[in-house]
Amino acid sequence: MATVFAAREHGPMNLGRLVALKVMSAALVGDPESERMFLREAGVSARLEHRHIVRVYEVGDADGTLFISMELLHGASLDRLCKSEPPPLPVAVRLLSDIAKALHFAHELRDADGSALGLVHQDVTPHNVMVSYDGVTKLLDFGVARLGSIDASRTETIRGKPAYLAPEQVLGERIDRRTDVFALGAIAYELLTAKRLFAGGSQLDIYAAITTKPIPQASEHDVPPAIAAIVDRATSRDPQERFTDVAAFSSALEEACAALTVERVDEEALATWARGLAPPRYSLIELEREITRGVQGDGG
């Protein structure tokens, strides 16, 4: 739907900041539904000012093409960081805690009248989580987010990456914040076991596994029982059996870790872990030089 570029804003004395510029695909320009979805993502994301959510600076239209100017993240996706091996337990717990904080903030978002918007991300996956090289976890991509206060009358459609969908998403049933609890539980299962909760086969095979087959249990792996029980509850097929929200999931995880005396990981340690697994290909200064060189070349 869009392409993301590294860019620099125009500013006095050429001191404009570096940004990530998300530009709508040329093939979709002029398509009303695509433009509605793009602007919807921009509108939702611009409201979510939180340390663990990527920040939106500007939404605009350049010669008929919509764009979103966002915080440029210098880091690696959680998917990339965990491809070869699972993170140490303390790191996994810190990552899950940070993602939960971001989701809880989004879930609690309200309109100008103080009414809950009923926001559900719907696509919480390791691909949509970044860890910056200064140790800050960031949740991305609210492009398919659902607003209960607006979308209540809309027919449920399957949105998001298949391997992290909750059963109610696949079945077209009611979606609420417990849907994101399930996705966070699926990420937790993957971080702790080095296996995907649902993997292999076609998309239809994955849908069948989500809705009809026994859901894999973290308790069947080498995971501390108290923590495995939390993950297994979060990934219950029945939303009523899950945690009511991500804050409850996070609190239970913190209590279990305290009882097990699991080491607390700070941002410096998280940065060291990320840099060790996915060393930066460039510094921000080097990137800025490349952008500046490209602009000068285009104008020459």
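Residues numbered from 1 in each chain as written. Predicted model: local features only at pLDDT ≥ 70, side-chain atom pairs only at ≥ 80, totals over all residues. Heavy atoms only, no water.

Draft legend 1. Spatial organisation of the sheet that holds strand 7 (residues 129-132). One open sheet holds the 3 strands; their spatial order is 5-7-8, and the pairing between them is antiparallel. Strand pairing shows two members of the sheet lacking a second neighbour, strand 5 (75-77) and strand 8 (137-139), which therefore form its edges. Here the average twist between neighbouring strands, direction ignored, is 25°. The pairing of strand 5 with strand 7 spans 3 bridges and is antiparallel. (Pairing = 2+ DSSP bridges. Helix = DSSP H or I, 4+ residues; strand = E, 2+ residues; numbered from the N terminus. Axes fitted to C-alpha atoms, helices over the stretch in contact; angles between N-to-C directions.)

Draft legend 2. Quick peek at the sheet that holds strand 4 (residues 65-71). Reading across from one edge, 1-2-4-3 is the order of the 4 strands in this open sheet, with antiparallel pairing throughout. Whereas interior strands pair on both sides, the edge strands pair on one side only; in this sheet they are strand 1 (2-8) and strand 3 (56-62). Looking at each pair of strands side by side, their axes are set apart by 25° on average, direction ignored. Against the sheet, helix 1 (residues 32-47) touches strand 1, strand 2 (18-24), strand 3 and strand 4, its axis set at about 25° to strand 4. (Contact = heavy atoms within 4.5 Å.)

Draft legend 3. View of the packing of aromatic side chains. Summed over all chains, the structure comprises 2 aromatic pairs. Ring geometry for phenylalanine 182 and phenylalanine 198: centres 6.3 Å apart, planes at 10°, overall stacked. A residue pair is termed long-range when its members are at least 10 positions apart, and phenylalanine 182 in helix 6 (residues 177-193) and phenylalanine 198 in the loop between helix 6 and helix 7 (203-211) qualify at 16 residues. You'll find phenylalanine 182 and phenylalanine 198 in the same group, each marked buried. Between phenylalanine 243 and phenylalanine 249, the aromatic rings sit 5.8 Å apart at their centres with planes inclined by 90°, giving edge-to-face as the arrangement. Residue class for phenylalanine 243 comes out buried when judged on its relative accessible area of 5%. Judged by relative accessible area, which is 1%, phenylalanine 249 ranks as buried. Cation over ring: arginine 17 sits above tyrosine 57, and NZ or CZ is 3.6 Å from the ring centre. Here the guanidinium or amino end of arginine 233 rests over the ring plane of phenylalanine 243, the centre of that ring lying 4.1 Å away. (Phe/Tyr/Trp six-rings, centres within 6.5 Å; stacked < 30°, edge-to-face > 60°. Buried < 20%, exposed > 50% of the residue type's maximum accessible area, 1.4 Å probe, protein only. Lys NZ or Arg CZ within 6 Å of the ring centre and 35° of its normal.)

Draft legend 4. Main features of the pattern of salt bridges. Inspection of every chain in the model, using the stated rule, returns 12 salt bridges. Between arginine 177 and glutamate 108 there is a salt bridge; the shortest N-O distance is 2.9 Å. With arginine 177 in helix 6 and glutamate 108 in the loop between helix 3 (89-107) and strand 6 (119-120), the pair connects residues that are 69 residues apart, well separated along the chain. Glutamate 168 is the salt-bridge partner of arginine 242, the closest N and O atoms lying 2.8 Å from each other. (Salt bridge = Lys/Arg side-chain N within 4 Å of Asp/Glu carboxyl O.)

Draft legend 5. Highlighting the nonpolar core. Among the nonpolar cores identified, the biggest contains 70 residues, and Leu78, Phe142 and Trp273 are the most heavily contacted of them. The residues touching tryptophan 273, leaving out its near neighbours within four places in the chain, are Leu78, Leu81, Cys82, Pro87, Pro88, Val91 and Leu95. Counting residues in hydrophobic clusters, the runner-up holds 8 residues, among them Met24, Ala42, Val56 and Leu66. (Core = buried A, V, L, I, M, F, W, Y, C linked by side-chain atoms within 4.5 Å.)

Draft legend 6. Local environment of the layout of surface pockets. Of the voids in this model, the largest pocket is the one considered here, and its volume is about 670 Å³. Considering the residues around the largest pocket, the lining is formed by 32 residues, among which Val4, Ala20, Leu73, Met130 and Leu140 are closest to the centre. Of all the elements in the fold, those that place two or more residues in the lining of the largest pocket are strand 1, strand 2, helix 1, strand 4, strand 5 and helix 11 (284-299). Its volume calculated, the second largest pocket comes out at about 250 Å³. Lining the second largest pocket are Pro90, Val93, Arg94, Ser97, Lys101, Glu254, Cys257, Ala258, Val262, Glu263, Arg264 and Val265. Elements that contribute at least two residues to the lining of the second largest pocket include exactly helix 3 and helix 9 (246-259). A total of 5 residues in the lining of the second largest pocket trace back to one element, the largest contributor, which is helix 3. Residue classes in the lining of the second largest pocket are distributed as 6 nonpolar, 1 polar and 5 charged. (1 Å grid on protein atoms, 1.4 Å probe; cavity = no way out; pocket = protein on both sides within 12 Å on 5 of 7 lines; lining within 4 Å. Points joined across faces, edges and corners; volume = space filled by probe spheres on them. Nonpolar A, V, L, I, M, F, W, Y, C, P; charged D, E, K, R; others polar.)

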